[in-house]
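Residues per chain, in single letters:
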Amino acid sequence: MKEILQIGEKILKEKALEVKDILSPAIQKVISDMKKSLAKEGDGVAIAAPQIGHPYRIFVISDRVFDEKEANEERVYINPKIIKTSKRKEMMEEGCLSVRWKYGKVERAEKVTVEAYNEKGEKFLRGGSGLLAQIFQHEIDHLDGILFVEKAKDLTEYEPDEE
Ligand code: ZN
């Protein structure tokens, strides 16, 4: 099992690379490792590849984020690009699997539309608001080497057993 890297690791500050061959065994393995590491974190909603040490532009969203009607929603976003952002912004409570156990408020666009490839190499578009929009922005920040604490206001720290 891949440990989730914590703030201070160099790779978390680096811009991740575009994925060239989505169907290659190496990339498929990265995706499956990301799913396993995310599933293990009870409070995790998404994970980016650099968080488990791979410098690629991939993030995976947890099943927890979707309800039963959304069973067919894409979970894996490869080479994601934000192609539309709402003018409206909101302050959202945020945390990160790589910044245990800090929480803070980050200004995020209310709605964003992302273009990406799934793990089969098919291109798709997904618009999201609220939590999904927040995940898109937080995870794409990871792929650009940005951690939420660099943008957050009112940072507080909680002990794990208070969760
Ligand atoms: Zn994060």
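Preceding this section is the structure that the text describes.
Quantities reported herein were computed from a predicted structural model and do not represent experimental measurements.

Some words on the coordination of the zinc ion
Moving on, step 1. The coordination sphere of the zinc ion, as far as protein atoms go, consists of Cys96 (SG), His138 (NE2) and His142 (NE2), spread over 2.0 to 2.3 Å.
Moving on, step 2. Ordering the donors of the zinc ion by residue number gives the pattern C-x41-H-x3-H. Of this pair, Cys96 sits in the loop between β4 (89-94) and β5 (102-109) while His138 sits in helix α2 (residues 131-143), placing them 42 residues apart in sequence. Like Cys96, the residue His138 is buried in the burial classification.

Focus on the sheet that holds β4
Moving on, step 1. With antiparallel pairing, the three strands of this open sheet are ordered in space as β4-β5-β8. Where the open sheet ends on each side, the last strands, each with one partner, are β4 and β8 (153-157). The average undirected angle you get between the axes of adjacent strands in this sheet is 25 degrees.
Moving on, step 2. As paired elements, β5 and β8 share three bridges and run antiparallel to each other. The residue of β8 that forms the bridge with Tyr103 is Thr156.

Structural notes on the sheet that holds strand β6 (residues 111-117)
Moving on, step 1. Pairing is antiparallel in the open sheet, where five strands are placed in the order β1-β2-β3-β6-β7. Pairing within the sheet leaves two strands with one partner each, and these edge strands are β1 (46-48) and β7 (123-129). Each strand axis lies, on average, 40 degrees off the axis of its neighbour in the sheet, ignoring direction.
Moving on, step 2. Packed onto the sheet, α2 meets β1, β2 (58-61), β3 (76-85), β6 and β7 and runs at close to 120 degrees relative to β7.

Digging into unusual backbone geometry
Moving on, step 1. Note that the residue after Arg100, namely Trp101, is joined by a cis bond; omega there is -10 degrees.
Moving on, step 2. Structurally, Trp101 is set in the loop between β4 and β5.
Moving on, step 3. Look at Asp154: it is not a glycine, yet its phi comes out positive at around 55 degrees.
Moving on, step 4. Along the chain, the position of Asp154 falls in strand β8.

Points about the nonpolar core
Moving on, step 1. Core analysis: the biggest nonpolar cluster contains 19 residues, and Phe59, Ile61, Tyr77, Val114 and Phe136 have the highest contact counts within it.
Moving on, step 2. For this core, the elements supplying multiple residues, two or more each, are β1, β2, β6 and α2.
Moving on, step 3. When residues of this core are assigned to their parent elements, the largest contribution, six residues, is made by α2.
Moving on, step 4. If near-sequence neighbours (up to four positions away) are discounted, Val114 is found in contact with Tyr77, Pro80, Lys81, Ile82, Phe124, Leu125, Arg126, Phe136 and Ile140.
Moving on, step 5. Core analysis: the next-biggest nonpolar cluster, separate from the first, contains 16 residues, Ile4, Ile52, Ile58 and Leu97 among them.

Regarding the packing of aromatic side chains
What characterises a pair of aromatic rings is the spacing of the ring centres plus the angle enclosed by the ring planes.
Moving on, step 1. By the definition in use, this model includes five aromatic pairs.
Moving on, step 2. Geometrically, the ring pair formed by Phe59 and Phe136 is tilted, given 6.2 Å between the ring centres and 50 degrees between the ring planes. One end of the pair, Phe59, is in strand β2; the other, Phe136, is in helix α2, with 77 residues separating them in the sequence. With respect to burial, Phe59 and Phe136 carry one shared label: buried.
Moving on, step 3. Ring geometry for Tyr77 versus Phe124: centroids 4.9 Å apart, planes at 70 degrees, classification edge-to-face. Residue Tyr77 is found in strand β3, and its partner Phe124 is found in strand β7; the two are separated by 47 residues along the sequence.
Moving on, step 4. Judged by its relative accessible area of 0%, Tyr77 is buried.
Moving on, step 5. Given a relative accessible area of 11%, Phe124 falls into the buried group.

What counts and what doesn't
Residues numbered from 1 in each chain as written. Predicted model: local features only at pLDDT ≥ 70, side-chain atom pairs only at ≥ 80, totals over all residues. Heavy atoms only, no water. Donors = N, O, S within 2.8 Å, 3.2 Å for Na, K, Ca; no water. Helix = DSSP H or I, 4+ residues; strand = E, 2+ residues; numbered from the N terminus. Buried < 20%, exposed > 50% of the residue type's maximum accessible area, 1.4 Å probe, protein only. Pairing = 2+ DSSP bridges. Axes fitted to C-alpha atoms, helices over the stretch in contact; angles between N-to-C directions. Contact = heavy atoms within 4.5 Å. Core = buried A, V, L, I, M, F, W, Y, C linked by side-chain atoms within 4.5 Å. Phe/Tyr/Trp six-rings, centres within 6.5 Å; stacked < 30°, edge-to-face > 60°.

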